[in-house]
Structure formats: structure tokens, C-alpha cells
Amino acid sequence: MEDDAPVIYGLEFQARALTSQTAESDAIRFLVGTQSLKFDNQIHIIDFDDENNIISKSVLQHQAGEIWHISASPADKAVLTTCYNKTSESRVVTCGAVWRMPPEWESGSHESPDDPHNSHNPQNLELLCHLDNSSHGNASCVLWEPMGDGKCVISLADNHALLWDLTESSTQATISSSATLEGKGQLKFTAGKWSPHHNCTQLATANDTAIRGWDLRTMSQIYCIENAHGQLVRDLDFNPNKQYYLASCGDDCKVKFWDVRNINEPVKNLEEHSHWVWSVRYNHSHDQLVLTGSSDSRVILSNMVSISSEPFGHLVDDDDLSDAEDNHQDEKTKEPLQDSIISTYEEHEDSVYAVEWSSADPWLFASLSYDGRLVINRVPRALKYHILL
Amino acid sequence: MDGDINASAPATTPPDSDPARKRRVHGMLKLYYGLNEEGKTVDQAESMDPCDINGPHFDPEVYLNKLRRECSLGELMDQESCMVKQIRSLDSDMQTLVYENYNKFISATDTIRKMKNDFKKMEDEMDCLSTNMASITDFSARISGTLQDQHAQITKLSGVHTLLRKLQFLFELPARLNKCLELQAYAQAVSSHRRARCVLQQYRHMPSFRGIQDDCHAIMDKLAQELRQKFRDGGSSAKDLSECVELLLQLDEPAEELCDKFLSHAQSRLEADLLGLEAELRPPLSSGPTAVTDPYTGPARRLSVEPTAGSPTGPTSLNNPFLFPSLRTDILEFIDRGCNEFVSSLCLVIASYQELFVNRPQEGELASKNIPQMAIGKLHAFVDALATRYFSLVERRIQEEKSVGDNSLLVRALDRFHRRLQAVAKLLPGSAVPSQGTEIVVRAARERIKQYLAALQSFYLNSLTDVRQALAAPRLGGSSAGGGSHLGGPATGKDALASLPELLSTLSASILNQIKSVLASVHLFTAKDITFSNKPYFKGEFCSHGVRESLVVNFIKFVCQSSRQFCESAGDRGGSTPPALLLLLSRLCLDYETSSITYILTLTDEQFLVQHHSPVTAVTALCGEAREAAQKLLNHYVKVQGLIISQMLRKSVETRDWVNTIEPRNVRAVMKRVVEDTTSIDVQVGLLYEEGVRKAHSSDSSKRTFSVYSSSRQQTRYAPSYTPSAPMDTNLLSNIHKLFSERVEIFSPVEFNKVSVLTGIIKISLKTFLECVRLRTFGRYGLQQIQVDCHYLQMYLWRFVSDENLVHFLLDEIVGSTAHRCLDPAPMEQSVIEVICERG
């Protein structure tokens, strides 16, 4: 089975922030935030036409500053948050804000990326509210409540985790509770993830080499994996189907999988990258598929069957066992499934800081490297059919 | 007689002088007398010639005519005279012969006449003799006739006499038996009784005999009683005992019972021996704190650390295995005692038992009872039971033998043990005892190998600890943790590093020596003078499986594995294992791969003449493993060292406020520290690894940085001229560069040489620098500071790496990225940078 070639889209600016449009379940759409100190920063909305293998883009201006983190609301397609650098008077502050995309972006600005003229007067994002953190320090990321109604976000600012309530159509944000990490030295959250399990009452954060779990109801720490990685932990992700499983990656070039009930040892170690791993993502539907991006300019798709929610492959119910399917069934059950690297993608020339699965198509993902190159790839068909059938 | 001329011509010579001629004369005479036997055919051929004067068909007429025709007168005259001469000599010959024969005939006649006379005389004497013989026969017949009656009488009388003597014996028997009993001459009594027994049995119906028989029975019962008593007492010697048994057997005692008794008696004695042995096994009760001066804890620290120190001994054993032998008898003594006491008395018992019950000539009714089978069966059971107990004692003792200091004692003990059991094997061919003994020896040997392996391993670990201490000693305070004390770290480090090759050579030499000494110790098991060395186990499996695989190969594997563990356990923080140790071990493993493994295995194979019956670990497999370990260690070393430098760089980037920094006047101290550390790493690696190849570089590589920087500087200058409408903000040149340069693998495996190692470390450090820079925002002076720092690094780092372009590329990336992250990208003049850097 021949796989489709990757689709590459080049941004003019350097970029670190990438997210899929979480609330969109039909179109394959990614949002990219750029980093430029000299020009107005943009948010590129990348639409991918799976059938024709065509990318179309829209550009929205983000004049507030260079974007370090971006995340889309799970409830409202048009709402998103960014963390951006604001430079004023030789001071650099990272802020968080909630934005709304102008309603007409979709109608008017669908054009091919080859056409440069349209970018002359791109539309601006509409600011809904600031996640005012002047008293809390620099925001490193903003997290939406998974599968929530778009009313709750958490921002991580230096050593604070702040839970915000967005009211009045998200135009106002008030801190409902907060937690502070205390300890020696300058502690700083580097990454975080809101767990989709346990009624969304748990949060995992990373600072330096440690991973901590928080209970949002009491805003207190529930677990702490000291020295989870040899060096800095760069990213976290929760297994969408197994509530205690957590993946982390960091500067020791490793990806580790944890069962937070037993934090002494990782369940599994992956050591495939040759430099820091910046991003790790579970596939939303098939959690054996794990995507990692690294500053060795590679994206690696791994098949972690042994610790997935389907360790024996997709189990067919007995009812489905109709006449012709018997053979298939036998084949599947006896097949020993091994953890393996499915593929290494080398389309990038610079460090890859973000990878993201599409929220609409579980077999599609995007990766973004610092030089502004966005690559859209698919899970190899052979594997796809192997998982599905 | 004319015809004879030719033939008799030579006869003129004296006949004796030539035997051939004489024979011819005889031949001719024979011919004359018709006795022609020889040379018939020859004669035949000649004879056809009528002119042949000697032939039978000689025709004088033809001959004469021929002569007359052929010869002249003179010749005829000569012929005639010659012929006359020949005829004359022939005549004289004939006369001589006739005369000789005549003489012989006369003497024969005389002899015959004389014989005739003698025979006549003899005939007369023979006649006389025959008459005499006739008269003798006559006489003798008459004498025998007269003496016949008396002869019969005498015969009868002598019969009566013997009968009477027998009777007398019988009647006297009770008294005799009594007397024998008194004198304890049991053997005589028994033999006497045996002689009389049948008779008494036969004539039992006669009262008098019955009486005798009863008496005898009574006495014999008493005697048997006494014998049994004696047998039971057991105090008597083996010889007495055997005599006793023999007599009892003759007295129809049941053999089975006797066997049992004999054996039980022997058992009690053997058990006493065993108890004696067992007593020695018990830990000494009075183990007071005897001030034993330990001779082993001298400077030469050998295999003195026991892997299993917690053996069940008194609290005073002080964890020192060498105290064991001094407190109790050593194993050789123990085995000796076992052999001398137990095994030899066992042999004695077996021998006398066999003499008594098994090998005795079978007579009469005893034969039918099939005693030998029964006896042998009992003996086997007996020997097996005792031997099992003995073996368990020996095994317990062997298991206590845990100190690996001197193997010869154990081997000698085992040898003696095994040798003595051979005696049992000889005495008792079908017994399982010797094979069990061999098994014990085999088990002991196996155990020994395990102990040696454990000892080698602990030795290795101890040596590593020593090396660690040696490495750590001069650099107190753990300055290797990175970032901390900038002063003194590398300086004192160098002192320790100088000794790295020394440490390596001492380490590998001491390991090799240890292996050799262990091999020598183990080799004792297969020495020629050791009895069990020719057992199949010691010839084959012990050498190949035991020594080669279990000991040597396992040890090498252990070395590799434990080395690899340093990479994993110490892994993440990198602080617990000193990097120098990693480097040292890496070199050690590499040396193993290149030479040591082959050497050790060849040594082993040679010493033990290993015949590979079963598949064994190949040298190449081991070498591969060692190489893998070496590679892993070196990679880890690079990672750890790179990390240490990375941490410094990262802290320096992260903690500074780059927007509000002042104009650079100096190279930052961190950069100097980085260069210093890199230099000391270079020295460290250079001590153990070869230089390696590097790409040729220009005469003054430190200056080349100018062009690279100028390009990046130029590019940053271009930046403001970009119009927002076409924002080409990306670092064009850098991207083009990237297109054509190969992807840089940061944490990639390194080669076994200095340049490759240093390249790896520098790569890691600079990449970290790059990534950290990208996360920050810079002001104008921040950028300039980075420029200065990078130039400084450029000046010093190029010389360490294999391809200086790599350093250029990475530093260029750093400056480029910094310029990119700069709010006010106004780069510093290259000349100013150079001035600052040269100022230091």
C-alpha cells in the first residue's frame, strides 16, 4: 500500500506554537502561531483537504506579540488562547489571553497559500479577555478544560497554576482558585496537561525534572515524580483511554510512560531521538499511537501496543463473528503485538517543537519546526488497516 | 682292448688325486657290471657313435678303419703306444679292485662262522632258565595255598581294630569336647564334633550312642553359646571374630543371622568413627577471642573478601574466612581422618566379610542355601547406608570450605577421598559408592568454580572501588557536579588524571593476574596425579563447561555487564559515577575486545585442553559484547561530560537578563570554564585514547570565524530592509547551509578516539547553547555578548573536533538565532570582538 506523500506548508516566520482546532470535528484544521520580534505575529489557520491533498490557509493578525503557546477551545471553534511575549521598555513579559476569531475569516479568506496578495490586510483577532497574571509571573501555557464547555482554563505562570472562570461569553476571566509550587530556588512550570479523566479534576505539571499531579478541587499536590527525567521535562500528555497513564518527554532524549499509581519506575522508556524531545502526543482514538517531536529535527511515530488500552489489538465482539470473518479473528488474536517505531519523519530541517494530531481525522497529524515548516503526515495505511481490521 | 684308449687316458694319473676321475672309473665299472643308473641319457647320446671307444656300441672295425683312414703313420704309432699304456693301467686297476673285494669276502665269512658258535651256547642257557622258572612257580603256588587262612584273619582283626578306635573316639568325645571347651580350643572341638556327628546321627537308636549324642549336643550348645557370646562381645579382633564366625557356620548357625550380627557389630564401630567425624563438623564451642594474627591481610590484598560472609559460625568469626581453618582442622585433615578411620575400617569389614561369607569354598549343605547372594546383598545395603552417611558428612565439610585462598588443600583432600574410595570399588565391584564419591567430587568442583567466579567478581568490584577512590581522592568536594566551584576543579583534576593510564594498566593487570591465579587453582583439579582427573567429567565438561563457560566466559560477561550498568544506573543525573571511571572502563572493555579476551580464552583452552563437545561461547561473541560495552560506556561518557558543560551553558543563558545587559567588555567566565573543562577532558581522553583522524584545517582556523560571522552579521543587517509585505524573516544563509550540510546527530555514537569523543561533547554543548538561546529574548548588548562568547569558543574549540565546520556551523546557528531573538539587532564589530577575546 502506498502512502501519501507528506504535505508541507511553509510559514514566513519562525514558529513554535501549534494546535489542532479541538472543537472542529469535520475539517482537518490546525492553528499555528508565529514568533517574530520584528513583525506582527500571525495565527495561520491551516485547512487540509484530505481527498485532494491540498492545503488552504487563512491568516489572522496577532499583534500583541510573539506566540509561545496556543490552544483552542474544546467548545467553541472560534475561541482560542495564546501565550505571547510582550516587550515593553526593555522588559519581556509573557501574557495569556483569550481570543475570538472574526466570524468572516472562513467565508472570505479561503485562498491558496500561493497567493500572497491576500495577506496584505489580514483580519485581526478579537480579544476576549486577558488572563491577567501581572502578579503571578510569566505564563508558559494555557490549558482548556478537556471536553468542557469552554468556561474553564488553567494557566501556568512561573510557579503558579491558576484556574480561571470565563464568564459573559468569555469576555471576563476571574481566578477561581490557584496553587503555588513552593520550594528552593526559582521554580517554574515548563509544561502542563489537564487530565481528561476523573471528571477533569486533575492536572499534571512539569517543572525542571519533576512531574507533579494536582487535584483541582483542593488545588493540592497528589503525586510527584521526582527526577522523572534526567534533565528538564519538556512536555506531558495523558493517555485518553487509560486514566492513570501519562507520557512525558524531556532533554534526556527520552520519552517515558508512567502509571501514576506507581511513580517509582516508568512503565516504559523510549529512547529513539538523538536530542531533546519537545513534544509528545497520544492519538485521541488509538492510544497506542504516540507522536514525538525533537530538536534533532525528527518526528517519530511509535506504536506502544503493550501499554495501550488495546494491548491485544482491536477485539471483535462475538456477535461480529460472522461467517467469513473467522479467519480474520484467528489471525488477530494470535498475533503477538510488539512495541515498535512505526516511522521516523525527516521532513524538517530545524528543531521540531510541536506535534499535534488532528482532532477530526485520527490518522493525520501535523508537526511544526522552528523554521516555520509545517508538515502534515498520515499514519501508514498498512498500520491503519491493521489497527482497524 | 683297443677301444679303451680314449677313455682311460687320464687314468695314468694316480686315482686318489682326482676324485672326479675315480668316480669315472667307478662309473665305468658299474657300466660293465650292468649297474648303469646315472647319466643314462648322456650315455645314450654318446653311445650311438660306433667310434666312441667307451660307448656300448663301439665297433672296433669301424674305429680301426677310421683311424687308419684319418691318421698318418706316426700318429697311428703314437695312438698305439698310448692305447697300450691305457690298457695296462686299466688292468692294474682291475687287479687292485679284485684284491680288495676278495679280502672283504674272507673277513665276512669268518664272522659268520664265529656267530654260529655263539648262538649254540645261548640256546643251551635259555633252556636252563625255563626249567628254573617252572620250579619257582610251583613253589609259590604251594606257599600261597598254605597262607590263605591266616591272611583273612588278619584283615578282619585290623577292621575290628579301627572300629574299636572309632568307638573309643566316640566314647571319649564328650570328655574331649569338655576339655576343648575348657581350653577354649573351639576349632578343635568343632572339628571333632563334626567328625562324629554323622555316626552319632546314624546310630541314634542305640541307647549308648544316644547318650553320647545327647552329651555332645549339650556340650556343643554350650560351645555355640560361648562362641556367640564372644561374637557378641565384639571386643575381639577381626581375626578372632572371623574365626568365630567360621566355627559358628560350621555349627549350622543360620548364615543370615550371622551376617546380620557381623554387620551390626561392624556398624557400631564404624558409627563411632562417623560420630568422631561429625564432632569435628560442629562449630567449635570454645571459640574464645583467640588473638589470631591474620597473615592474609598484608599489603597484597588478594581474594580475601568473601562473597558469602554470613556463614553460620560464632559471632567471633569476624567475617574473615581465613579464621576458619585456624580454629578447626582443615579439610585435608578431616578427609584424612575420614579415610584412615572410616574408609579403612570399612574396607577391612568388607574384606573380612567377603572372606567369611562370600568367598568361602562351598561345601555340602551350605552350598544349597545360596549364601553368597544373600550375603552380598546384605553387604551392599550395609555399605550403602554407611557410605551415604559418610558422604553427607564429607559434603557438609566441603560446603564449609569457602575460602578461596588455597585450592590445593581442597583438591588434595578430594583426591585422597576419591582415591580411598577406589579401594572400596576394588573390594566391592558392583557398589554404587565410588560413583557417588565421584559425584561428590564433581559437585565440589562445580561449587568451587562458582565460588571462584563470585570471588573474581567481588575482586573486580573491589578493584573498581579502589580505582574510584584513587580517582576521587585528589578532587575533593565533587567539583565534577558541574557549575559549582569554578576554581580548582580542573587543576586538581589533572593530578588525578595523570595517573589514568597507570590505573588502567594496574587494573587490567591485576584482573589478569587474578584470572591467571584462579585458573591455576582450578587447574589443580585436572592435574595428572589426581585420581579423578581422568574421569569423563573432568576431562570434558569440567574444562569446557565449567572452567571455560562458567568461570572465564561468565566473568568476562560480568565485566561487560557491570560496566554497562554504570551507564544505566548512574544514568540520569550523571553525578554518581565519575566520568573518568567511565572512560577508564570503556578503554578496559575495548582492550578486552582487541586482545585480552582472546588471550584469556586461549590461555584457558591451552591450560585445560578444552575439547568442545558442546557448543561454547565464541570469542567473537564475547568480543562483540565487550565492544558493545565499550561503545556504550564511551557514549555515556560523552553524554555525561556533554551534560556537565551543557548545564553550565544553560544556567548561564537562563539566569541572565539578556535584554538589559551591559555592553560586553569580557568573555563571560562560563565560556572560559567551558574551554578549560573541554581542555581537561581532552587531556583526560588523550591519556587513554588515540588521537583519531580529523579533517584537514587551514593554518589558522581560529581566524576563519570572521567570514562566517560576517555573513551572519550581514544577514542580520539585511533584516530591517525586509518589507512587511514579504516578510522573509528566516535566516536565509543558515537555511541554505543546512540544505547542503548533513544533518547533525547530536547524541550519536562516537568512535574510539579522542577527536570523536571531543566532537561529541562539543556538539552536545553547543546544541544546548543553541536551544537555550532560542528560548530567550535578547537586547542589543545581549546579542553582542553572545557574539563575543561564540567567538571565544570558536577560537579554542576548533582544535578539538574532527570537522571544524561543525563548530562553525553550530556557533553560526547560535549567533544567527540570537540575532533573531534580538529586539535590537546591532552586532558588534568583528575587530572589537577579536580584541575582547584576545584580552581573555
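Procedures and definitions
- Residues numbered from 1 in each chain as written.
- Chains lettered and ligands numbered in written order.
- Predicted model: local features only at pLDDT ≥ 70, side-chain atom pairs only at ≥ 80, totals over all residues.
- Heavy atoms only, no water.
- Helix = DSSP H or I, 4+ residues; strand = E, 2+ residues; numbered from the N terminus.
- Buried < 20%, exposed > 50% of the residue type's maximum accessible area, 1.4 Å probe, protein only.
- Contact = heavy atoms within 4.5 Å.
- Areas by Shrake-Rupley, 256 points an atom, 1.4 Å probe, with all protein chains shown as cover.
- Buried area = accessible area lost by both parts, 1.4 Å probe.
- Salt bridge = Lys/Arg side-chain N within 4 Å of Asp/Glu carboxyl O.
- Polar contact = N/O pair within 3.5 Å; in protein donor to acceptor, adjacent residues only side chain to side chain.
- Nonpolar A, V, L, I, M, F, W, Y, C, P; charged D, E, K, R; others polar.
- Pairing = 2+ DSSP bridges.
- UniProt positions renumbered as here; feature names shortened; annotations may be inferred.
- Axes fitted to C-alpha atoms, helices over the stretch in contact; angles between N-to-C directions.
- Parallel < 35°, antiparallel > 145°, perpendicular 65-115°, else oblique.
- Phe/Tyr/Trp six-rings, centres within 6.5 Å; stacked < 30°, edge-to-face > 60°.
- Lys NZ or Arg CZ within 6 Å of the ring centre and 35° of its normal.
- pLDDT = per-residue confidence, 0-100.
- Left-handed = near helix turned anticlockwise from the far one by under 90°.
- Patch = residues over 30% accessible without salt bridge, like charges linked within 9 Å, V, L, I, M, F, W, Y side chains within 5 Å.

Caption draft 1: How the structure looks around the overall build of chain B. Of the regular secondary structure elements, chain B holds 26 helices and 0 strands. Counting over 840 residues, chain B shows a buried share of 42%. Of the contacts made within chain B by residues no fewer than 6 positions apart, 82% connect residues no fewer than 24 positions apart. About 44,300 Å² of surface is accessible on chain B, with carbon and sulfur atoms providing 57% of the total.

Caption draft 2: Structural context of the overall build of chain A. Across its full length, chain A holds 3 helices and 29 strands. Looking at chain A as a whole, 58% of its 389 residues qualify as buried. Of all intrachain contacts in chain A linking residues separated by at least 6 positions in sequence, the fraction that spans at least 24 positions is 52%. Of the roughly 15,600 Å² of accessible surface on chain A, a fraction of 43% belongs to carbon and sulfur atoms.

Caption draft 3: A look at the interface of chain B and chain A. If you look at the interface, chain B gives 32 residues, while chain A gives 45 residues. For the pair chain B and chain A, the summed buried surface comes to about 3,400 Å²; carbon and sulfur atoms form 49% of the total. Summed over the shared surface of chain B and chain A, the result is 4 salt bridges. Across the pair Asp350 of chain A and Arg774 of chain B runs a salt bridge, and its minimum N-O distance is 2.9 Å. On the surface where chain B and chain A come into contact, there are 12 residue pairs in polar contact (both at pLDDT 80 or more). Counting residues per element, the ones that place at least two in the side of chain B that touches chain A are α19 (619-654), α22 (732-740), α23 (754-774) and α25 (804-820) of chain B. At 5 residues, α23 of chain B tops the list of elements feeding residues into the side of chain B that touches chain A. Classifying every residue of the side of chain B that touches chain A by side-chain character gives 13 nonpolar, 7 polar and 12 charged.

Caption draft 4: The pairing of strand β7 (residues 79-87) of chain A, seen in detail. Residue and element names in this part refer to chain A. In terms of burial, β7 is a largely internal element, 7 of the 9 residues being buried. Of the strand pairs in this sheet, strand β6 (residues 66-72) and β7 are connected by 6 bridges, and their pairing is antiparallel. By the bridge assignment for β7, His69 is matched with Cys83.

Caption draft 5: Just the UniProt feature "repeat: WD" (unreviewed entry) in chain A, in detail. On the UniProt side, "repeat: WD" (unreviewed entry) is annotated at positions that read residues 226-262 of chain A here. The distance separating the terminal C-alpha atoms of residues 226-262 of chain A is 12 Å; by composition the span is 0% helix and 46% strand.

Caption draft 6: Region of the structure containing the sheet that holds strand β5 (residues 54-62) of chain A. Ordered in space as β2-β3-β4-β5-β9 (chain A), the 5 strands form an open sheet in which the pairing is mixed. Only two strands of the sheet have a single neighbouring strand rather than two, namely β2 (14-20) and β9 (123-124) of chain A.

Caption draft 7: Just the packing of helix α3 (residues 60-70) of chain B against helix α4 (residues 73-183) of chain B, in detail. Residue and element names in this part refer to chain B. Contact geometry of α3 with α4 gives a least axis separation of 9 Å together with a crossing angle of 140°. On the basis of their axis angle, the class for α3 and α4 is oblique. Every residue of α4 that contacts α3 at Tyr63, Leu67, Arg68 and Glu70 is listed here: Glu75, Leu76, Gln79 and Met83. Class assignment of the residues belonging to the contact of α3 with α4 gives a composition of 4 nonpolar, 1 polar and 3 charged.

Caption draft 8: View of the packing of aromatic side chains. By the definition in use, this model includes 19 aromatic pairs over all chains. Here Tyr689 of chain B and Phe752 of chain B contribute two aromatic rings whose centre-to-centre distance is 6.2 Å and whose plane-to-plane angle is 20°, an arrangement assigned as stacked. You can see Tyr689 of chain B sitting in the loop between α20 (669-688) and α21 (701-718) and its partner Phe752 of chain B sitting in the loop between α22 and α23, a full 63 residues away along the chain. Taken individually, Tyr689 of chain B and Phe752 of chain B each receive the classification buried, so the pair is uniform in this respect. A connected cluster of aromatic rings, assembled from ring pairs, spans Trp276, Trp278, Tyr353 and Tyr370 of chain A. In this structure, Lys242 of chain A packs its charged tip against the face of Tyr245 of chain A, placed 4.1 Å from the ring centre. Between Arg656 of chain B and the ring centre of Trp658 of chain B, over which it is positioned, the NZ or CZ distance is 5.3 Å.

Caption draft 9: Seen up close, the confidence of the model for chain A. All names here are of chain A. Here chain A shows a mean pLDDT of 82. Residues at 70 or above account for 86%. This stretch, residues 107-119, has a pLDDT under 50; its non-local contacts, to residues over four places away or in other chains, come to 14 contacts. Predicted confidence for residues 316-334 stays below pLDDT 50, and this span has 7 contacts to residues more than four positions away or in other chains.

Caption draft 10: Structural detail: the pattern of salt bridges. Residue and element names in this part refer to chain A. Within this structure, the stated rule accounts for 32 salt bridges over all chains. In this structure, the salt-bridge partner of Asp339 is Lys268, at a minimum N-O distance of 3.0 Å. Here Asp339, found in the loop between α2 (326-334) and β26 (340-345), pairs with Lys268, found in strand β22 (residues 268-270); they are 71 residues apart in sequence, far enough to count as distant. Judged by relative accessible area, Asp339 falls into the partly exposed class, the value being 22%. One salt bridge in this structure joins Asp296 and Arg298, with 3.6 Å as the shortest N-O distance.

Caption draft 11: Fine view of the environment of Tyr599 of chain B. Residue and element names in this part refer to chain B. Tracing the backbone shows Tyr599 in helix α18 (residues 579-608). With a relative accessible area of 36%, Tyr599 lands in the partly exposed category. For the pair Tyr599 and Leu512, spaced 87 residues apart in sequence, the C-alpha separation works out to 9.8 Å. Other than its neighbours up to four places away in sequence, Tyr599 contacts Leu512 and Lys516.

Caption draft 12: Highlighting the packing of helix α16 (residues 500-523) of chain B against α20 of chain B. Residue and element names in this part refer to chain B. It is the contact of α16 with α20, at a shortest axis distance of 8 Å, that shows an interaxial angle of 35°. Crossing of α16 over α20 shows right-handed handedness. Across from Leu500, Pro501 and Leu504 in α16, the residues of α20 making contact are Gln684, Leu687 and Leu688. When the residues that make up the contact of α16 with α20 are grouped by side-chain class, the tally is 5 nonpolar, 1 polar and no charged.

Caption draft 13: A nonpolar patch on the surface, seen in detail. A surface patch of nonpolar side chains, about 410 Å² in accessible area, is lined by Met126, Leu129, Met133 and Ile136 of chain B. Counting through the fold element by element, Met126 of chain B comes out in helix α4.

Caption draft 14: Inspection of unusual backbone geometry at higher detail. All names here are of chain A. In this structure, Met219 takes a positive phi of about 55° despite not being glycine. For Met219, the position within the fold is in the loop between β17 (210-215) and β18 (220-225). Within the chain, Asn227 stands out as a residue other than glycine whose phi angle is a positive 50°. The class for Asn227 is partly exposed, based on a relative accessible area of 43%.

Caption draft 15: Summary view of the environment of Tyr452 of chain B. Along the polypeptide, Tyr452 of chain B turns up in helix α14 (residues 433-472). Since its relative accessible area comes to 1%, Tyr452 of chain B is described here as buried.

Caption draft 16: Examining the confidence of the model for chain B more closely. All names here are of chain B. Within chain B, residue pLDDT values average 74, and 74% of them lie at 70 or more. Taken element by element, chain B is modelled with least confidence in α21, mean pLDDT 39, and with most confidence in helix α24 (residues 780-797), mean pLDDT 88. Long-range and interchain partners of residues 284-327, a stretch whose pLDDT sits below 50, account for 39 contacts in this model, where long-range means more than four residues apart. Scored below 50 in pLDDT, residues 698-731 shows 57 contacts in the model against residues more than four places distant or in partner chains. What the predictor reports for the complex is a pTM of 0.67 with an ipTM of 0.85.

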